[in-house]
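Spelled out from the first residue to the last, the chains are:
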Amino acid sequence: MFVLVNLKTYPCDPVAVADAVRDVNETTDARLAVAPQAAHLERVADTGAETWAQHVDSIEHGSNTGHTLAESVAEAGAVGTLINHSERRLKLADIDGAVRAAQRADLETVVCANNPAQIGAAAALGPDAVAVEPPALIGTGTPVSQADPEVVEGAVEAAANVDSEVSVLCGAGISTGDDVVAAGELGAEGVLLASGVAKADDPKAALENLVEPL
Ligand code: G3P
């Protein structure tokens with residue numbers, strides 16, 4: 001299972017979380033990665049933890065003030081990027097352009113979406129993975145695998161109908177190893193989570209709990 005920890009703009013210490021991600025990754029067959037804010041990418045990547053960007057824009061080098069260039073996050077040490085997170089929604093053409101920009105920079109891609117219909121559309125753009133996250137469950141601590149298992153199963157089916165090479169993650173409210181196991185039983189190949197680690201008093205213990213049953 002892939003466990004991707006999105007730090008959003010939570011006031012956690014990104015380097016301390018990244019140290020924990022790196023250390024716990026060495027103890028498990030699961031794959032752990034962390035997605036800090038763009039400004040923290042380099043410091044986080046320097047820890048040796050697998051590092052992802054939270055966003056890239058559909059742009060190339062040039063006159064694009066305030067945008068995020070895929071090549072720059074790759075140079076900072078990111079190996080992948082989220083695209084179209086629920087808190088950073090893009091228009092369809094910009095999702096497509098961001099996927100192309102990320103591919104140009106050799107970044108792995110996870111395109112986020114709200115529901116199975118959007119997951120099918122996202123999968124058609126050819127990312128490495130898609131992530132289904134019902135916005136209403138984000139940050140609630142109520143796991144999508146329990147509150148809305150149909151949305152996960154529907155997303156797995158929708159992605160497979162479009163492109164069987166695109167893997168499916170699920171997210172929203174995931175915070176325990178049982179949640180990760182439940183996500184896997186619904187057909188997800190990974191989870192995307194944030195508050196369960198970024199807001200934990202002890203992020204390393206939270207990560208250990210997440211991978212313990214895997
Ligand atoms: O990107 C992960 C996220 O949106 C889910 O957040 O806090 O419910 O794990 P959370």
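Residues numbered from 1 in each chain as written. Predicted model: local features only at pLDDT ≥ 70, side-chain atom pairs only at ≥ 80, totals over all residues. Heavy atoms only, no water.

1. What to know about the UniProt feature "active site" (unreviewed entry) in the protein
Then step 1. Mapped onto this numbering, the UniProt entry annotates "active site" (unreviewed entry) at His 85 and Glu 133. Over a stretch of 49 residues, the named residues converge on one spot in the fold, their C-alpha atoms separated by at most 8.7 Å.
Then step 2. Looking at where His 85 falls in the secondary structure, it is placed in the loop between strand S4 (80-83) and helix H4 (92-104).
Then step 3. With relative accessibility at 5%, the residue His 85 sits in the buried group. (UniProt positions renumbered as here; feature names shortened; annotations may be inferred. Helix = DSSP H or I, 4+ residues; strand = E, 2+ residues; numbered from the N terminus. Buried < 20%, exposed > 50% of the residue type's maximum accessible area, 1.4 Å probe, protein only.)

2. What to know about the pairing of strand S6 (residues 129-132)
Then step 1. The two faces of S6 match: Ala 129 and Ala 131 on one face and Val 130 and Val 132 on the other face are all buried.
Then step 2. On the question of chirality, the crossover connecting strand S5 (residues 108-113) to the parallel S6 by way of helix H5 (residues 116-123) is right-handed.
Then step 3. Two elements, S6 and strand S7 (residues 167-171), share four bridges in a ladder whose sense is parallel. By the bridge assignment for S7, Ala 131 is matched with Leu 169. (Right-handed = clockwise from strand over helix to strand, strands pointing away. Pairing = 2+ DSSP bridges.)

3. Structural notes on helix H1 (residues 14-25)
Then step 1. Compared with the 16 Å implied by 1.5 Å per residue over 12 residues, the 16 Å span of H1 between its first and last C-alpha is a close match.
Then step 2. Within H1 the residues assigned to the buried category are Pro 14, Val 17, Ala 18, Ala 20, Val 21 and Val 24. What you see down the axis of H1 is that its buried residues fit within an arc of 160°, all on one side.
Then step 3. Where the residues of H1 are buried, they touch strand S2 (31-35), helix H2 (41-45), helix H9 (195-198) and helix H10 (203-211).
Then step 4. At the N-terminal boundary of H1, the capping side chain belongs to Asp 13, with an oxygen 3.0 Å from the backbone nitrogen of Val 15. (Expected span 1.5 Å × (residues − 1). Arc of directions from axis to C-beta. Contact = heavy atoms within 4.5 Å. Polar contact = N/O pair within 3.5 Å; in protein donor to acceptor, adjacent residues only side chain to side chain.)

4. Quick look at the site of the ligand
Then step 1. In the region of the ligand, the neighbouring residues are Asn 6, Lys 8, His 85, Glu 133, Ile 138, Gly 139, Ala 172, Gly 173, Leu 192, Leu 193, Ala 194 and Ser 195.
Then step 2. Between the ligand and Asn 6 there is a distance of 3.0 Å, counted from an oxygen atom to a side-chain nitrogen or oxygen.
Then step 3. The backbone of Gly 139 places a nitrogen or oxygen atom 2.7 Å from an oxygen atom of the ligand. (Near = heavy atom within 4 Å.)

5. Focus on unusual backbone geometry
Then step 1. With a phi close to 65°, Asn 84 is a non-glycine residue in the positive phi region.
Then step 2. Looking at where Asn 84 falls in the secondary structure, it is placed in the loop between S4 and H4.
Then step 3. Judged by relative accessible area, Asn 84 falls into the buried class, the value being 6%.
Then step 4. The residue Ala 172 is not glycine, and still its phi comes out positive at about 110°.
Then step 5. Residue placement: Ala 172 occurs in the loop between S7 and helix H8 (177-185).
Then step 6. According to the relative accessible area criterion, Ala 172 is buried, its value standing at 5%.

6. Looking at H4
Then step 1. Compared with the 18 Å implied by 1.5 Å per residue over 13 residues, the 18 Å span of H4 between its first and last C-alpha is a close match.
Then step 2. Burial in H4 covers these residues: Ile 95, Gly 97, Ala 98, Val 99, Ala 101 and Ala 102.
Then step 3. Its buried side turned inward, H4 meets helix H3 (70-75), S4 and S5.
Then step 4. Positioned one or two residues after H4, Asp 106 has a phi angle of 60°, which is positive.

7. Concerning the pattern of salt bridges
Then step 1. Summed over all chains, the structure comprises seven salt bridges.
Then step 2. Of the charged contacts, one joins Arg 31 and Glu 50 as a salt bridge, the two residues approaching to 2.7 Å between their closest N and O atoms. Here Arg 31 is found in strand S2, whereas its partner Glu 50 is found in strand S3 (residues 50-53), with 19 residues between them in sequence.
Then step 3. The exposure class of Glu 50 is partly exposed, given its relative accessible area of 22%.
Then step 4. Among the ionic pairs, Glu 108 bridges to Arg 31, the shortest N-O distance being 3.0 Å. (Salt bridge = Lys/Arg side-chain N within 4 Å of Asp/Glu carboxyl O.)

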